[in-house]
Amino acid sequence: MRHLLSATAMLLASASLAGAEGVLQLYNWGNYTSPELLEKFEKETGIKVTVTDYDSNDVALAKVEAGGSGFDLVVPSASYVPIWVEKGLVQELDLSKLSNHKNIAPEWTDVAWDPGRKFSIPWQWGTTGIAVNTKIYGGDINTSAVFLEVPPELVGKINVVPEMIDIVSLATMYVGGEPCSEDPEVMKKTRDVLLAAKPNWISMDYGATERLSNGDWAASVNWNGSTMRVRLNTNGDVQYGYPKEGYPIFMDSVMLLQDAQNVEEAYKFMDFIMVPENAAMISAFARYANGIAGSEEFMPEDMKTASEVVVPEEHKAAGKFLPTCRGKGLEYMTAVWTELQKKGPSTNRPGVLHPRTPAG
């Protein structure tokens, strides 16, 4: 009887292990992952990917740092990558398991936030700017004055996405400072311009793609891929502006969590998305550029010349990657953001699509 029980236990244990194989837990921005990509990956590898959404870098970091998340891969933005590394939440990558690592475009290989790409690989990159319905407002859209000194046509009709580092950095650059400034006078100006502007906003919400497409809002601080989607939905009425005072450039990158349970599956997925054709599938869904060389030929034709994706020459100089805020810079930024959140109501609510991604 003991032998029978032992054999049964071994069989059950074996079945349990088999059930755990061929799965992957991806923790990513909401609706930022192409269903067609996942379907292709599963068909080619037999690995089933489960995607859990988040809507901010801070939410993702807090969730994983709390422990026991059960996730294998996460997709933080550039300025957050060093934080994940310093906190010991991610593994250094074994590049011998990533045969397609060589496909990372040279300009995205030796990056400031991850030199040599030892901890991360590219997902998507883009910019933060201003989306405006030009039928309602015909003025200059290439300035942060659109949301910081709101023109009469847009009062009560403009949204501001609730992403701290983007919004505070846009305001800091508008008043002549640099992101993560440690100058108290600069940050006082930043606070003052934001607090003065907020009563003229309709909301601080994540639903930009849908709300701008439906005409609920006339403008929004927004991400480029979302704005391209809106432009297509509105027959060109909504256009994307690059603030001349300075605007953020971001890249979201995939990282392997330190406590990942499905490590080999994670490596297969990371290698898979560095195939040019597959990287283009992600871009076709979310409408952002990627960092994989050779993916251009597989990109949708309307993205190859889109002004939201291909930054016009005259606006390139104003764009900058945001640094990882530390010390007084982080303290000041957080204080400004906290005060801004307290001033008046916000319609930000859970369950709204992140604007980096298409609605519907």
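Please read these numbers as outputs of a predicted model, since none were measured by experiment. (Residues numbered from 1 in each chain as written. Predicted model: local features only at pLDDT ≥ 70, side-chain atom pairs only at ≥ 80, totals over all residues. Heavy atoms only, no water.)

Enquirer: Would you mind going over the packing of helix α6 (residues 164-174) against helix α13 (residues 327-342) with me for this structure?
Expert: When two helices pack together, their arrangement is given by the angle between the helix axes and the distance between those axes. Where α6 contacts α13, the two axes come as close as 10 Å, and the packing angle between them is 100°. Taken together, the axes of α6 and α13 are roughly perpendicular relative to one another. Within the contact between the two elements, α6 uses Met-164, Ile-165, Ile-167, Val-168 and Ser-169 and α13 uses Met-333, Thr-334, Val-336 and Trp-337. A per-class count over the contact of α6 with α13 returns seven nonpolar, two polar and no charged. (Axes fitted to C-alpha atoms, helices over the stretch in contact; angles between N-to-C directions. Helix = DSSP H or I, 4+ residues; strand = E, 2+ residues; numbered from the N terminus. Parallel < 35°, antiparallel > 145°, perpendicular 65-115°, else oblique. Contact = heavy atoms within 4.5 Å. Nonpolar A, V, L, I, M, F, W, Y, C, P; charged D, E, K, R; others polar.)

Enquirer: How do you make sense of the state of the cysteines when you look at a structure like this?
Expert: Put plainly, two cysteines are in a disulfide when a covalent bond ties their sulfur atoms together. Scanning all chains against the criterion turns up one disulfide. A sulfur-sulfur separation of 1.8 Å characterises the disulfide bridge that pairs Cys-180 with Cys-325. Looking along the S-S bond of the Cys-180-Cys-325 disulfide, the torsion reads about -75°, which is the left-handed sense. Taken as a pair, Cys-180 in the loop between α6 and α7 (184-197) and Cys-325 in the loop between β10 (319-321) and α13 lie far apart in primary sequence, 145 residues in all. We note that Cys-180, like Cys-325, is buried. (Disulfide = S-S within 2.5 Å. Buried < 20%, exposed > 50% of the residue type's maximum accessible area, 1.4 Å probe, protein only.)

Enquirer: What is the right way to read the side chain of Asn-133 from this model?
Expert: Along the chain, Asn-133 falls in strand β4 (residues 121-133). Owing to a relative accessible area of 12%, Asn-133 belongs among the buried residues under this scheme. When sequence neighbours within four positions are dropped, the list of residues in contact with Asn-133 reads Ala-218, Asp-237 and Val-238.

Enquirer: What is the right way to read helix α2 (residues 35-45) from this model?
Expert: A turn of α-helix holds 3.6 residues, and therefore any two residues three or four places apart point the same way. Those residues of α2 that sit buried are Leu-37, Leu-38 and Phe-41. One face of α2 carries all of its buried residues, which in axial projection span an arc of 95°. Residues of α2 that are exposed and point over 90 degrees away from its buried face: Glu-39 and Lys-43. Buried residues in α2 make contact with β2 (48-54), β4, α10 (263-273) and α11 (276-286). The first or second residue beyond α2 is Gly-46, which carries a positive phi of 80°. (Arc of directions from axis to C-beta.)

Enquirer: I keep staring at the pairing of strand β9 (residues 247-256) and nothing clicks. Help me out?
Expert: Among the 10 residues of β9, 10 are classified as buried, and the element is accordingly described as predominantly covered. Residues Tyr-247, Ile-249, Met-251, Ser-253 and Met-255 line one face of β9 and the alternating positions Pro-248, Phe-250, Asp-252, Val-254 and Leu-256 line the opposite face, and both faces are buried. Sheet topology places strand β3 (residues 73-74) next to β9; two bridges connect them, and they run antiparallel. Paired with Leu-73 across the strands is Leu-256, a residue of β9. Bridge count between β4 and β9: six bridges; the pairing is antiparallel. The residue bridging Gly-126 from the neighbouring strand is Phe-250, located in β9. (Pairing = 2+ DSSP bridges.)

Enquirer: Would you explain the pattern of salt bridges in this entry?
Expert: Side chains that carry opposite charge are capable of pairing whenever their charged atoms lie near each other. Taken as a whole and assessed by the stated rule, the structure comprises 16 salt bridges. Across the salt bridge formed by Lys-320 and Glu-178, the nearest N and O atoms sit 2.9 Å from each other. Residue Lys-320 is located in strand β10, and its partner Glu-178 is located in the loop between α6 and α7; the two are separated by 142 residues in the primary sequence. Here Lys-320 falls in the partly exposed class, since its relative accessible area comes to 26%. (Salt bridge = Lys/Arg side-chain N within 4 Å of Asp/Glu carboxyl O.)

Enquirer: Got a minute to help me understand helix α9 (residues 224-233) in this structure?
Expert: Within α9, seven of the 10 residues are buried, which leaves the element mostly enclosed by the surrounding structure. Among all positions in α9, only Asn-224, Gly-225, Ser-226, Thr-227, Met-228, Val-230 and Arg-231 are buried. Downstream of α9 by a residue or two, Asn-235 has a phi angle that is positive, lying close to 55°.

Enquirer: Where do I start with unusual backbone geometry in this structure?
Expert: Working note: non-glycine residues mostly have negative phi, and peptide bonds are mostly trans. Its identity is not glycine, yet Arg-117 carries a phi of approximately 55°, on the positive side. Mapped onto the secondary structure, Arg-117 falls in the loop between α4 (81-86) and β4. The phi dihedral of Arg-287 is positive, around 70°, even though this residue is not glycine. Take Arg-287: it is sitting in the loop between α11 and α12 (301-304).

Enquirer: What is the right way to look at the confidence of the model for the protein chain in this model?
Expert: Atom-level detail of predicted coordinates should not be read off regions where pLDDT is low. In the predicted model, the protein chain carries a mean pLDDT of 90, and 89% of its residues have values of at least 70. Contacts from residues 1-20, a stretch scored under 50 in pLDDT, to residues over four places away or in other chains number one contact. When the criterion is pLDDT under 50, residues 346-355 qualifies, and its contacts beyond four places in sequence or with other chains add up to 33 contacts. (pLDDT = per-residue confidence, 0-100.)

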